[in-house]
Structure formats: C-alpha cells, structure tokens
Amino acid sequence: MEEEKNFFEKLKDYKIKRRSFLKYAGLTGGAAVFSALPIGGKKLKEVSSAYAQSLIGERNFIYSCCNMCGGQSGIKVLVENGIVKKIEPNEHNPIGVCNIFSDYEKEKARGARLCPKGNSAVKSLYDPDRLKTPMRRVGERGSGKWEPITWEEAVEEAAKRLKEIKEKYGPEALVWFSEDHSFTNIQADFCSLFGTPNYHNHSNLCDVARKRNFSLVMGDERPLPDFANSKYMLIFGWNMLSATKWSHLPAIINRGRERGSKMVVVDPVFNHTAAKADEWIPIRPGTDGALALALGNIIVKEKLYDQEFINYWTAGFPEYAKFVEDKTPEWAEKITSVPAETTRRIARELAARKPVCIDAWSGPGHHTNSTQGGRAIAMLCALLGQYDKPGTQIIPERKGGKRRSLKFDKPKLPRVDGLGSKYPFGHGSGIYVEAREAMLTGKPYQPKAAVFIFQNWVMSVPNTKKNFEAIKNMEFILAVDTHLSETAELADIVVPGAHFLERYDLTGNWVNFSALSLRQPVVQSWIGGWPEYKFVMELGKKLNLKDKDGKGFEMSYEDYLSDELKGGIGITLDELKKLPGAVWVKGPTRYEKYKDIVKFPEGGSVDSKTMVVKDKDGKGVGIKWKDLVFKGFNTPSRLVEFYSKQLEKAGYNPLPEYTPPEDAPTNDYPLFYVSWKQTEHTHTRTFNNAWLMEMKGDNPLWINTETAKKYALKDGDEIWIESPYAKAKATVFLTEGIHPEVVGQQHGFGHWALGRIAKGKGTNDGQFMPGKIDKISGQAVTKEVGVKIYKA
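Residues numbered from 1 in each chain as written. Predicted model: local features only at pLDDT ≥ 70, side-chain atom pairs only at ≥ 80, totals over all residues. Heavy atoms only, no water.

1. Quick notes on the overall build of the protein chain
A tally of regular secondary structure across the protein chain gives 27 helices and 32 strands. Burial analysis of the protein chain (792 residues in total) assigns 62% to the buried set. If you take every contact in the protein chain between residues at least 6 apart in sequence, the share linking residues at least 24 apart comes to 73%. Per element, the accessible surface of the protein chain, about 29700 Å² overall, is 50% carbon and sulfur. (Helix = DSSP H or I, 4+ residues; strand = E, 2+ residues; numbered from the N terminus. Buried < 20%, exposed > 50% of the residue type's maximum accessible area, 1.4 Å probe, protein only. Contact = heavy atoms within 4.5 Å. Areas by Shrake-Rupley, 256 points an atom, 1.4 Å probe, with all protein chains shown as cover.)

This is the structure:
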C-alpha cells in the first residue's frame, strides 16, 4: 500500500495534466482511499521504469495503437523514466489521417488526429481503482467478499474448475465472451482446443446488422465511405463526428465539405453530426427502411438510376422496381413522419450530385427490422451506381496477419446460440441474446461455465435483469478485466486485465488500402500484472490443450504474432516494429474492382475501342469482351442483388420489405426510447476515467421542448423512466434537438460498480430493453422500446 502511494506521488511529480492527476480521487490527503489489495506481489520500483528504459532510454516516443475504443487510432506515447507523460496521434498510421491512399500520401505530413478518449488513456492506465491482483470469491455471488490469490493460483483454480465442467457436462458447456479486437485469435484457439464452439465477441452488440445489410446486397461486410471525395453524403443514424468510429472521419468529412459536398443526416436526435450537416431530417426510430424505399420509388419512377450499372452489374432490378411502385413518399410519411416533399427532393438531389456516399450504422441497425431496412438503404447506392468509385462506398482491400491453422475434432454439439443453423445469416461473433437464453432456459442445452474477457457483459447485453438471472445458472464464472465491473463482481475468479499501453496486438486498419499497425507495450504493468493473452495461454498450458499435431500454447505471444505476420504480409514482429510509426502500408486504393478480369491471358490488355483482348505483345487473341469472366461482387450471382435468392431459400422476403419495429410505443408506453454514443465514452468501460467524466459525467434524458409541456416538465426535473421491463430515475434535459415522439440518453452510464468515479452516475439504458434481436442478422437490439415518463 505504501508502494502504491509512492508510485502515485511520483506521477504527481511528473505533473500529468489535466490539473493534477490525483485531484479527483483526493489522493493528496494520504493513502486511505487506496485498495488494501497487494500489487501483484512485486515492488513498484522494480516495474515502473525498467521496461520502458530498456526500449527507449530515459525519454522518447514509442509508437503504438489506441484501444480506448474499437477505432484503433495510431498513437505515439511519450515515456519519461518509465511513466507515460502524454499521448499524441501517430501521423504514420492512416487511422487518424484518411482512408484513401492518394490522400494519405499527401495528408500525413499535416499530422493525424486523436479523439479525447485516446488523449485521456493515461488516466485509465494510472487509475487507482484498477484491479491489482487476482481474487477468489469467498462469499455469496455478488456479495463483494474476496480474497487475493496469486496469478499461478488463479490459473490453477480456473483450470481445475473448467476441467471439472468439461468432464461432467462436455466441453460445449463453456461459453466465452470477449471484446472484438483484442487478442481474439488466441481466445478462439483456446475454445477450439478445449472443444467448445461457443466463442462470442463484441461485434454482435455493435455493427453485425450493417455487415449483413451490405454483404447481402453487394457482397462486402464493411464497405468504407470515401467522404473526402463525395459530392453528397446521406447518413442514416450514424453520429460519426462524435461517436467517432475512426478518428480520421471528421477530417475526411470536413475535406468533402470544403470541396462542396452536401451532408444530410437522418436521425431522431440532433447529434453532433447533424449539427454540422446542411440538413437534419428527424425520423421515427426504426423506420429508416421505409424512407429508403420511398427514395427508391422516386429514383425508379423518374428514371434517375444509373442505367448502365443496373444493366451490367445488378440482379433483380425489375422485381425491385415493381416492389417500390407503391412505396410512395406519402406512404413513407405516415410511417416515418418525414414530409413527402422532403423525400422527393432528397431523391432528386442524390441523382444530381454524384459521387454520392449513402451509409448507415447502429441507428437503423439496432432494431428488430434492421437487416431488411438496411438492405433498402444499401440498394440506394446500387440504384445510383455508387459502389467502388471515388467518392462512394469503397470495397476495401485489406491484408493483415494470418491466423494459424489447428487440427481438432469438430464439437459434438452445435453452437448454443443457433449461429449457422437457426441463424444462417448471423455473424461469426455469435448471437449474445440467444446464448443468454440458453443460459436461462437450458435450451438447446445448458451452459455451465462462462468466461468474460475485457467485456462488461451484464451492462452490455440488452435487458439487464435477464443478464443477472442467466449468470445465476452458471456453476463457474471467470472474469478478466481492468476493473471490478458489474460482470466481474459476479465471478468466482477475477483476474486483472492489462491496459492497452501494457500489451501487444496487431491491427488491420479499416481503410481503403492495405495497412497493418502494431500495438505494443510502452510501459510495464505498474500492478505487476499479466496481459490477458498470457493468462489465456497459461490456462491452455495448464489444461494441456493441443491440436492433433501437438500445437498448443508453448510459444511466446510475440512469436505467435510474428508467425501471423509472416503468414499474412511476410514480415516479422521485429520488422514491423522498425517500420515508420510501427505501421505497414501498401497502396494504392483501387476502384471498380468488380471489373477485374479473372479469365484473361497473362500480361494481356483490352483495346478500349474494339473491346478485343490482346496478349502482352499486343496481338489479338480472339476473345471478345463478352467472353471474359469478371470478378464482380462477392454475392452468389457476382452482381449487386436487389432480389436475394439466399434470403428466399431461407424463408425470408427476398425483397427489402418494411416491417414496423416489434417494440414501438403503445398507449401505455407512448414514447420511443433510444440511446446513443458520444466522443467522451466507449460502451460501458470508460466511466471511471476522471478526464472523460469531467467532460461528460451524466446522461440526462433528452426530451423535446413541446413534448415536455404535455408533462409539465422543465430542465433539471427528476423523473421516472418506465418501460415494460424496468423503471429508473433520470434528470430532464429539454431541447429542440430530438424528435417530439422520442426520448433518449447517452449509452453506458448507470454503473453500480467499476470504480469510485463511475459508481452512481446516470442511468443504465440497457435495463429498459426487452432483450431481442434482428431475426435475420442476429444483431442485438439496443434502441427499440416504448417508455412512459413522469415526475419522481
């Protein structure tokens, strides 16, 4: 405890800003606020500086990648005597610069960008509320009674309990949940070798609907918008200037605006992106698909579509054209509340101002009708021929590490969540809500052990009450996290997680060219802890998990990553470290890749006038243009599909039908309730960060001013929010910036654990949800329920 105090006093001496690092916790008054738990059994003076100095000497920048959210921005970290002094953006990393290679080569000299979360990472690194040693539960589950144990004891006990579960119930009785970027391959390896098919990760709670919308239409799960070169941006439910998925987004949007692009935002909430737009179109939640069909109606009726693209690169257009005949703007107005004339005007503007970027994220995506509604949006790009051209949605060409192959027997039982069977269009990240239902009901079979790594499952999965009930049915729970989260509080064994500045990862950058960057330790763990991957590998070794060729977890994680790199891009981990910014980049950004010819004489070309194929010597080889085989799109027809035979075969409507949200308002619960994310926070995990909480420390309920009059509410009033599933208090924030039929809050607040700063701040939005999914993609639904409000 004295060592911990001295360590934080040392930090104070370094004057880590903002205003003294110790201010928020009252640490200047002594050590009384510190946890009495030991710091991993090591002395701080042994770990606080030796590692960083061995890398860089006394003072230098180390290149790495941020992990305060999933965006993975490039960073460079200033370390002095083993302590992080500040964090800056890394101009060599395209995340933070732009997503088009030609722009990247020009713009990186101007520097990169980093959001407030990345700049505040030092506060999370040195958070005194971090877990400092593994712990074993000694009281009732959730009682808060723990005893510290060593790392070796944690491995030993976890291995013993998992082995018992496996022998008694079978390996499939283990369900595993993790974050979707960090050290996922090693966790998936563990599950494969253990014998369970039930590995899940965070993507199912995030953008699975968008992945499926686009892949069903044009064959790629994540086309990326070239906003910088667009002339018109139509954005459905994506607050990209605040809930910054990638830190270069504000830059490329501003660049597009400087070049004359118009931006229109369709969203129930006047968020930061809407505030910067030329036009905000407030819409009823979950009705975006109806608006997209009405836009399609006008584009087809007035023949504003790209005839050449439709003729050569799409399938099912006649069926679609007939389908949207009655989807008029007037029809959509009754559903969406968007005026019919606004819809007509937007459709005509889209056709007149190419290139066009049309995109959607979790706003439309977190609803029970998200896949069909999202398909309708994705088809607008197809109507206008706006795929894989400058200024449109680009199909990214990405290269990265290659996961090792393992030989093991297929699990005897299918996945517990129905992925691949009940949900043929689900995503590899699994289906959280269905896994929870199995934990609750024992159908199709009963999980008995759950592992949560770097994920606060209790607060993340919609319907908090059901999450508690599901966890009660587990015989063994292991949680690995940096803090004692609401999920970790319910575990049997808790293991401290590493801060991202203390560990490795490979990051395949989401840009429109190939780029891979390195996250690497910049300081050693001040708690003397292990990275999560080391704990997983030690657990695998203790259980003697190996494949049929004897491959297991004997190597170091550095060698594991180096092998992935060699198999993917042909370089080693050491070679990646030596590249500028620790980033591997390969351009260019290629366009219209669907026109790549896959049946073609080697070294040949096509005469653009005669359409005759010539060999490398310029001689005609007798193959006409019509005889060539093009790459096309990654769909069954190799074309953009307005009519999906895949969906039809599975029993779904092959056309993008609009169905109302299942949990829309009723007479008893008359208001739509939505949530959103903003730049200050990530999911539920940043709420013990003093700097971020100073920026945004509460989540009042947004209510339209006119709506509030009906309830006689004023700013700051304390009210009850009640859905059919939960009831909780909040404070009122009056604004014109929300649809009058909608109320909403920022996501992630309402902690009763995690840390002293987070605890008791705001309202947990997940508790109000019914806990459903989109029936096609399996996307967890987090923004669809009716509520009533009244004074407390």
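2. A closer look at the nonpolar core
Counting 54 residues, the largest nonpolar core has L234, I358, L383 and Y387 as the members making the most contacts within it. Of all hydrophobic cores here, the second largest spans 52 residues; its members include F476, V480, Y560 and L573. (Core = buried A, V, L, I, M, F, W, Y, C linked by side-chain atoms within 4.5 Å.)

3. Describing the sheet that holds strand β30 (residues 727–735)
Taken in spatial order, the 6 strands close into a barrel running β27-β31-β28-β30-β29-β32, and their pairing is mixed. Each neighbouring strand pair of the sheet contributes to a mean axis angle of 45°, computed without reference to strand direction. Pairing of strand β27 (residues 671–676) with strand β32 (residues 786–791) involves 2 bridges; the strand directions are antiparallel. Across the sheet, the residue bridging to F672 is G786, located in β32. (Pairing = 2+ DSSP bridges. Axes fitted to C-alpha atoms, helices over the stretch in contact; angles between N-to-C directions.)

4. Some remarks on the packing of helix α9 (residues 208–218) against helix α18 (residues 370–383)
Between α9 and α18, the shortest axis-to-axis distance is 8 Å and the interhelical angle comes to 50°. Here α9 lies oblique to α18, going by the angle between them. As α9 packs across α18, the resulting crossing turns out to be right-handed. Contact with α9, carried on its side by A209, R212, N213, F214, L216 and V217, involves S370, T371, G374, R375, A378 and M379 of α18 and no other residues of that element. The residue inventory of the contact of α9 with α18, partitioned by class, reads 6 nonpolar, 4 polar and 2 charged. (Parallel < 35°, antiparallel > 145°, perpendicular 65-115°, else oblique. Left-handed = near helix turned anticlockwise from the far one by under 90°. Nonpolar A, V, L, I, M, F, W, Y, C, P; charged D, E, K, R; others polar.)

5. Considering the environment of T705
Locating T705 in the fold gives a position in helix α27 (residues 705–710). According to the relative accessible area criterion, T705 is partly exposed, its value standing at 22%. For T705 and E736, which are 31 residues apart along the polypeptide, the C-alpha to C-alpha distance reads 5.8 Å. The residues contacting T705, other than those within four sequence positions of it, are L734, T735 and E736. At a separation of 3.2 Å, a polar atom in the side chain of T705 contacts the side chain of E736. (Polar contact = N/O pair within 3.5 Å; in protein donor to acceptor, adjacent residues only side chain to side chain.)

6. A short note on the side chain of S192
Position of S192 among the secondary structure elements: in helix α8 (residues 184–194). A relative accessible area of 17% places S192 in the buried class.

7. Quick notes on the environment of K354
Within the secondary structure, K354 sits in the loop between α16 (340–352) and β13 (356–360). In this structure the C-alpha to C-alpha distance between K354 and Y232, which are 122 residues apart in sequence, comes to 6.8 Å. Every residue in contact with K354, bar those within four places of it in the chain, is listed here: K231, D306, L384 and Q386. From its side chain, K354 meets the backbone oxygen of L384 in a polar contact 3.2 Å long.

8. Some thoughts on the packing of aromatic side chains
The full count for this structure, using the stated rule, is 32 aromatic pairs. Where W176 meets F190, the ring centres are 5.0 Å apart and the plane angle is 40°; that geometry is what we call tilted. Of this pair, W176 sits in strand β6 (residues 174–178) while F190 is found in helix α8, placing the two residues 14 residues apart along the sequence. When its relative accessible area of 1% is taken as the criterion, W176 is described as buried. On the basis of relative accessible area, F190 is assigned to the buried category, the value being 0%. Looking at K76, its charged tip hangs above the ring of F61, at a distance of 5.6 Å from the centre. (Phe/Tyr/Trp six-rings, centres within 6.5 Å; stacked < 30°, edge-to-face > 60°. Lys NZ or Arg CZ within 6 Å of the ring centre and 35° of its normal.)

9. Things to note about α8
Burial runs high along α8: 10 of the 11 residues are buried. For α8, every residue scored as buried is listed here: T184, I186, Q187, A188, D189, F190, C191, S192, L193 and F194. G195 sits one or two positions beyond α8 and adopts a positive phi of about 110°.

10. A look at the pairing of strand β19 (residues 514–519)
Judged by how many residues are buried, β19 sits mostly within the fold: 6 of 6 residues are covered. The side-chain alternation of β19 yields two buried faces, one formed by S514, L516 and L518 and the other by A515, S517 and R519. Pairing geometry for strand β18 (residues 505–508) and β19, over 4 bridges, is antiparallel. In the sheet register, L506 faces β19, and the bridge partner there is L518. Hairpin geometry of β18 and β19 is characterised by an intervening segment of 5 residues between the two adjacent antiparallel strands. Pairing of β19 with strand β20 (residues 583–586), which is carried by 4 bridges, proceeds in the antiparallel orientation. Residue pairing across strands places S514 opposite K586, the latter belonging to β20.

11. Quick notes on the environment of A228
By the secondary structure assignment, A228 is in the loop between β8 (224–225) and β9 (232–236). Given a relative accessible area of 2%, A228 falls into the buried group. For the pair A228 and I253, spaced 25 residues apart in sequence, the C-alpha to C-alpha distance is 5.7 Å.

12. Concerning the confidence of the model for the protein chain
Summarising the model, the protein chain shows a mean pLDDT of 90, and 89% of its residues fall at 70 or more. In the predicted structure, residues 13–58 sits below a pLDDT of 50 and forms 104 contacts with residues beyond four places in sequence or in another chain. (pLDDT = per-residue confidence, 0-100.)

13. Remarks on the sheet that holds strand β15 (residues 449–453)
Hydrogen bonds between backbone groups are what pair the strands of a sheet, and the pairing can be parallel or antiparallel. Here we have 7 strands laid out as an open sheet, ordered β5-β4-β17-β16-β15-β6-β7, and mixed in their pairing. Whereas interior strands pair on both sides, the edge strands pair on one side only; in this sheet they are β5 (146–148) and β7 (199–201). Taking the axes of each pair of neighbouring strands and ignoring which way they run, one obtains an average angle of 15° across the sheet. Sheet analysis places strand β4 (residues 135–137) next to strand β17 (residues 493–496), joined by 2 bridges and oriented antiparallel. Pairing of R136 across the sheet is with I493, part of β17. Against the sheet, helix α7 (residues 151–169) contacts β4, β6, β15, β16 (476–481) and β17, and its axis sits at roughly 135° relative to β17. With respect to the sheet, helix α19 (residues 432–441) is in contact with β6 and β7, its orientation differing from that of β6 by roughly 145°.

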